[in-house]
Amino acid sequence: MEVQNLSAFPHFVCEKHGRKVEVFDIIAVRGTFDLVANAPAKAAAQQLPVCLADTYYGEPQSSSLQAESDLAIIKPATDIIMVGHARSPRGIAQRDWVVGLRIGPQTKGVRVTGPRQWQRGITGWSLSKPEPATQVRLQYELAYGGRY
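Residues numbered from 1 in each chain as written. Predicted model: local features only at pLDDT ≥ 70, side-chain atom pairs only at ≥ 80, totals over all residues. Heavy atoms only, no water.

1. Quick look at the overall build of the chain
The helix and strand inventory of the chain stands at 0 helices and 12 strands. The secondary structure elements of the chain, listed N-terminal to C-terminal, are β-β-β-β-β-β-β-β-β-β-β-β. On C-alpha atoms alone, the chain measures out to a radius of gyration of 20 Å, which is more than a quarter above the 15 Å that the 2.2 N^0.38 rule sets for 148 residues. Structurally, the chain occupies a C-alpha span of about 65 × 35 × 30 Å along its principal axes. (Helix = DSSP H or I, 4+ residues; strand = E, 2+ residues; numbered from the N terminus. Rg over C-alpha atoms; globule rule 2.2 N^0.38 Å.)

Right, here's the structure in full:
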C-alpha cells in the first residue's frame, strides 16, 4: 500500500493479518503539539516519530510509562499524554496549585504540590507539608493518590 501524507505529521504504514487470513492495512499518525496557557494548541516545530513500542522513564518493571506504542491492536479513542512540567501561576513559588488540560468540551484538572517527604511519627507515616515550588515534573512516580 502506498500512502501520500499531505499533513505535517509523521505516519507509519504496515499490514496486519487477521484470524481468517484477512489482511488489514494499518496507518498510524502521530501529532506533537506545544501547549501554552489559555491558547489553542499549536503543532510543534519538531514532530516526534510514531512510537513503535512502549517506552518507560527507567526500567520497565519499576518505572512509569513515558509513551505508549501507537500500534495498539485496538485503540477506540485518541491517547493524550502530557509530558513536561506544571508551572505555578505567574512563576511565583507556591506549595500547591491546580493545573488542567481542556480539549473541546473535555476538561481534566489535577492538584500538584511542591516536593514532599514521608515522615514517621507517633501515629504512623504521613506526608510533610509541600515545599514551595515554581514547577513540578508531571510523572506518575511523583503522584499521590489520597489516603489508604
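We are not done yet, so read on.
2. A word on the environment of I103
The topology assignment puts I103 in strand β8 (residues 96-103). C-alpha of I103 to C-alpha of P40: the two residues are 63 residues apart in sequence and 9.2 Å apart in space.

3. A short note on the packing of aromatic side chains
Using the criterion set out here, one finds 1 aromatic pair in the structure. A centroid spacing of 5.6 Å and a plane angle of 50 degrees characterise the contact between F9 and F33, whose relative ring orientation is tilted. Pair noted here: F9 is in the segment before β1 (11-17) and F33 is in strand β3 (residues 33-34), with a separation of 24 residues, a long-range link. Accessibility expressed as a relative area gives 23% for F9, which makes it partly exposed. By relative accessible area, which is 43% here, F33 ends up partly exposed. (Phe/Tyr/Trp six-rings, centres within 6.5 Å; stacked < 30°, edge-to-face > 60°. Buried < 20%, exposed > 50% of the residue type's maximum accessible area, 1.4 Å probe, protein only.)

4. Examining the pattern of salt bridges
Enumeration according to the criterion identifies 2 salt bridges in this entry. The shortest N-O distance in the salt bridge between R30 and D70 comes to 2.8 Å. Residue R30 is found in the loop between β2 (23-29) and β3, and its partner D70 is found in the loop between β6 (65-67) and β7 (85-87); the two are separated by 40 residues along the sequence. Using a relative accessible area of 18% as the deciding quantity, one classes R30 as buried. For D70, a relative accessible area of 21% translates into the label partly exposed. (Salt bridge = Lys/Arg side-chain N within 4 Å of Asp/Glu carboxyl O.)

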